[in-house]
Amino acid sequence: MERMESMEPLSAFYTTAYPEIQPESGYGSGDKTPPAPAPAYDQELVHKTILVGDSGVGKTSLLVQFDQGKFIPGSFSATVGIGFTNKVVTVDNLKVKLQIWDTAGQERFRSVTHAYYRDAHALLLLYDITSKSSFDNIRAWLTEIHEYAQSDVVIMLLGNKTDMAGERAIRREEGERLAREYSVPFMETSAKTGVNVELAFTAVAKDLKSRAIQHPTEPKFKIHEYIEAQKEKSSCCSFF
Ligand SMILES: Nc1nc2c(ncn2[C@@H]2O[C@H](COP(=O)(O)OP(=O)(O)O)[C@@H](O)[C@H]2O)c(=O)[nH]1
Ligand SMILES: [Mg+2]
């Protein structure tokens, strides 16, 4: 695990890579300036993505499942401090680089993570469907996020351990309702079986890519609709 020294603020990060594109007003009106090229996606961009949520909800397991495609049962030693894993997600034939940070969820570490929210591009916020307290704490996590993260950060709420149906304490509808209240996309995952793990990260990567090339003439990527479409394809997952 390495520590990242620093990262440029989000605004600088994007604007240096994408010089402003002028409207087409001059084109065809005697002005010989060619139309601005369509904005390209810079595949060298690195998107800082953070896993947050109470201790024990499965953050490390989710990352291991996404990174290595396997579930290692038993408790990982509580993640003290923060480390990251680099993953490249291919979306629409483009490589989106995610630098995924795994945090310790304990209350006593929250002060450590405040600084890390600031330059986060995406946050995956997890609770455990068998733990009411982890679900109840989501509001506190969202309050933290709204206070310390960039306003345009991509947020996804995940109800993990969906394989543990017999011990379920939070109904899917409750997760959906909370997500709707905060206008964030939601799905249930299992770090154990791998259900929706890839989809969660892919949806985030697609949204990040879309935001990085956002142009007023192009339709905005709608993460909710994307998740819904995927759900219809595989009838696998939850959304609102
Ligand atoms: N059944 C099941 N157990 C899980 C799942 N995700 C994590 N766990 C278990 O929950 C415990 C805590 O997981 P961990 O990844 O360390 O949580 P973290 O503290 O949020 O990083 C471990 O015993 C994991 O094996 C899951 O999706 N299903
Ligand atoms: Mg952990």
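Residues numbered from 1 in each chain as written. Chains lettered and ligands numbered in written order. Predicted model: local features only at pLDDT ≥ 70, side-chain atom pairs only at ≥ 80, totals over all residues.

1. Considerations on helix H5 (residues 138-148)
- Along H5, the residues classified as buried are Ile138, Trp141, Leu142 and Ile145. For H5, the buried positions fall inside an angular range of 100 degrees around the axis, keeping them on one side. Looking at H5, the residues exposed on the side facing more than 90 degrees away from the buried face are Arg139, Ala140, Thr143 and Glu147. (Buried ≥ 20, exposed ≤ 12 C-beta atoms within 10 Å, placed from the backbone. Helix = DSSP H or I, 4+ residues; strand = E, 2+ residues; numbered from the N terminus. Arc of directions from axis to C-beta.)

2. A short note on the nonpolar core
- Core analysis: the largest hydrophobic core is formed by 52 residues, its most contacted members being Leu123, Leu125, Met156 and Val204.
- Per element, the largest residue contribution to this core is seven residues, and it comes from helix H7 (residues 197-212).
- Those residues in contact with Leu125, other than ones at most four positions away along the chain, are Val52, Gly53, Ile138, Trp141, Ile155, Met156, Leu157 and Leu158. (Core = buried A, V, L, I, M, F, W, Y, C linked by C-beta atoms within 7 Å. Contact = placed C-beta atoms within 7 Å.)

3. A look at the sheet that holds strand S1 (residues 46-52)
- Ordered by their spatial adjacency, six strands build an open sheet running S2-S3-S1-S4-S5-S6, and the pairing between neighbours is mixed. Every interior strand has two partners, whereas the edge strands, strand S2 (83-91) and strand S6 (186-188), have only one. Pairs of neighbouring strands in the sheet enclose a mean axial angle of 25 degrees, with direction left out of account.
- Of the pairings in the sheet, the one linking strand S5 (residues 154-160) to S6 comprises three bridges and is parallel in character. Opposite Gly159, over in S6, you have Glu188 as the bridge partner.
- Strands in contact with H5 are S1, strand S4 (122-128) and S5; relative to S4, the strand with the most contacts, it is inclined by about 165 degrees. (Pairing = 2+ DSSP bridges. Axes fitted to C-alpha atoms, helices over the stretch in contact; angles between N-to-C directions.)

4. Focus: the environment of Lys209
- Relative to the elements of secondary structure, Lys209 occurs in helix H7.
- Along the sequence, Lys209 and Val91 sit 118 residues apart, while their C-alpha atoms lie 8.4 Å from each other.
- In contact with Lys209, other than residues within four places in its own chain, are Tyr41, Val91, Leu94 and Val96.

5. Some remarks on the site of ligand 1
- Taken together, 19 residues lie around ligand 1, and Gly58, Lys59, Thr60, Ser61 and Lys192 are the ones closest in.
- At three residues, the largest contribution of residues to the shell around ligand 1 is made by helix H2 (residues 59-68).
- In terms of residue class, the shell around ligand 1 is made up of five nonpolar, ten polar and four charged. (Near = placed C-beta within 6 Å. Nonpolar A, V, L, I, M, F, W, Y, C, P; charged D, E, K, R; others polar.)

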